[in-house]
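Here is how the chains run, residue by residue.
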Amino acid sequence: QVHLVESGGGLVQPGGSLRLSCTASGSRQSLNILNDMAWYRQAPGKQRELVALITDGGVTNYANAVKGRFTISRNNAKYTVDLQMNSLKVEDTAVYYCKADTLIYGLGMELTDYWGQGTQVIVSS
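Cut-offs used in this document
Residues numbered from 1 in each chain as written. Predicted model: local features only at pLDDT ≥ 70, side-chain atom pairs only at ≥ 80, totals over all residues. Heavy atoms only, no water. Disulfide = S-S within 2.5 Å. Helix = DSSP H or I, 4+ residues; strand = E, 2+ residues; numbered from the N terminus. Buried < 20%, exposed > 50% of the residue type's maximum accessible area, 1.4 Å probe, protein only. Lys, Arg positive; Asp, Glu negative; His and termini not counted. Salt bridge = Lys/Arg side-chain N within 4 Å of Asp/Glu carboxyl O. Polar contact = N/O pair within 3.5 Å; in protein donor to acceptor, adjacent residues only side chain to side chain. Contact = heavy atoms within 4.5 Å. Phe/Tyr/Trp six-rings, centres within 6.5 Å; stacked < 30°, edge-to-face > 60°. Lys NZ or Arg CZ within 6 Å of the ring centre and 35° of its normal.

Colleague: Talk me through the state of the cysteines; I want residue IDs and the actual numbers.
Modeller: Counted according to the given criterion, the structure contains 1 disulfide. Residue Cys 22 pairs covalently with Cys 98 via a disulfide, S to S 2.1 Å. Across the S-S bond linking Cys 22 and Cys 98, the dihedral sits near -80°, which makes this disulfide left-handed. With Cys 22 in strand E3 (residues 18-26) and Cys 98 in strand E9 (residues 94-105), the pair connects residues that are 76 residues apart, well separated along the chain. Here Cys 22 falls in the buried class, since its relative accessible area comes to 0%.

Colleague: Give a detailed account of the side chain of Glu 6, specifying residues and quantitative values.
Modeller: Secondary-structure assignment places Glu 6 in strand E1 (residues 2-7). Look at Glu 6: it is buried, it has no salt bridge, and the nearest opposite charge is Arg 48 at 8.1 Å. A polar contact of 2.3 Å, which involves the side chain of Glu 6, links it to the backbone nitrogen of Cys 98. There is a polar contact of 3.3 Å between the side chain of Glu 6 and the backbone nitrogen of Gln 117. Sequence-distant contacts of Glu 6, defined by excluding residues within four places in its chain, comprise Ser 21, Cys 22, Trp 39, Tyr 96, Tyr 97, Cys 98, Gly 116, Gln 117, Gly 118 and Thr 119.

Colleague: Can you break down the environment of Gly 116 residue by residue, with the values?
Modeller: Considering the arrangement of structural elements, one finds Gly 116 in the loop between strand E10 (109-115) and strand E11 (119-123). Residues Gly 116 and Asp 101 lie 15 residues apart in sequence; the distance between their C-alpha atoms is 12 Å. For Gly 116, the contacting residues outside a window of four places in its chain are Leu 4, Glu 6, Tyr 97 and Cys 98.

Colleague: Summarise unusual backbone geometry; cite the residues concerned and give the values.
Modeller: Unlike most non-glycine residues, Tyr 79 shows phi in positive territory, near 55°. Position of Tyr 79 relative to the elements: it lies in the loop between strand E7 (70-75) and strand E8 (80-85). Its identity is not glycine, yet Ser 87 carries a phi of approximately 50°, on the positive side. Structurally, Ser 87 can be placed in the loop between E8 and E9. Overall, the relative accessible area of 42% leaves Ser 87 in the partly exposed class.

Colleague: For the packing of aromatic side chains, give the residues involved together with the corresponding values.
Modeller: Counting across every chain of the model gives 1 aromatic pair. For the cation-ring pair, Arg 48 lies above Tyr 97, with the distance from its terminal atom to the ring centre recorded as 3.8 Å. Note that Arg 48 overlies the ring of Trp 115, its terminal NZ or CZ placed 4.8 Å from the centroid.

Colleague: Break down the pattern of salt bridges for me, with residues and values.
Modeller: Close approach of charged atoms lets side chains of opposite charge pair. Under the counting rule described, the total for this entry stands at 6 salt bridges. The partner of Arg 69 in a salt bridge is Asp 92, and the shortest N-O contact between them spans 2.8 Å. With Arg 69 in the loop between strand E6 (60-62) and E7 and Asp 92 in the loop between E8 and E9, this pair connects stretches of sequence that are 23 residues apart. Here Arg 69 matches Asp 92 in class, with each residue buried. Across the pair Asp 113 and Lys 99 runs a salt bridge, and its minimum N-O distance is 3.5 Å. Of the two residues, Asp 113 sits in strand E10 while Lys 99 sits in strand E9, which places them 14 residues apart along the sequence. According to the relative accessible area criterion, Asp 113 is partly exposed, its value standing at 43%. A cluster of three or more residues bridged by salt bridges with shared partners is formed by Arg 41, Glu 49, Arg 69 and Asp 92.

Here's what the structure looks like:
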């Protein structure tokens, strides 16, 4: 019941910056139980990999390749998650995907994953 829409991708020169945004929509019940939100990326011929993650409590994790350069943040009132990318390198070129999940705690824990469509980031001179 959660739909993710991404924006902010494009072409940038090495050393430049981009800011990716992801907005979640759906039923109020689903949006109110959003759990972790994250950004993944996938380069041609390579496996999709985790770039950054932020929990519902604001705890963050980053891939070693982007530590110190990327910052993930979320706005729980607007149901958005952003990725600020600085000092971009050619190796950062990939399709970036937004991911979110909902968690229901009842008789057991039920976790459901949702993915965005992906947005292209090209770092080139």
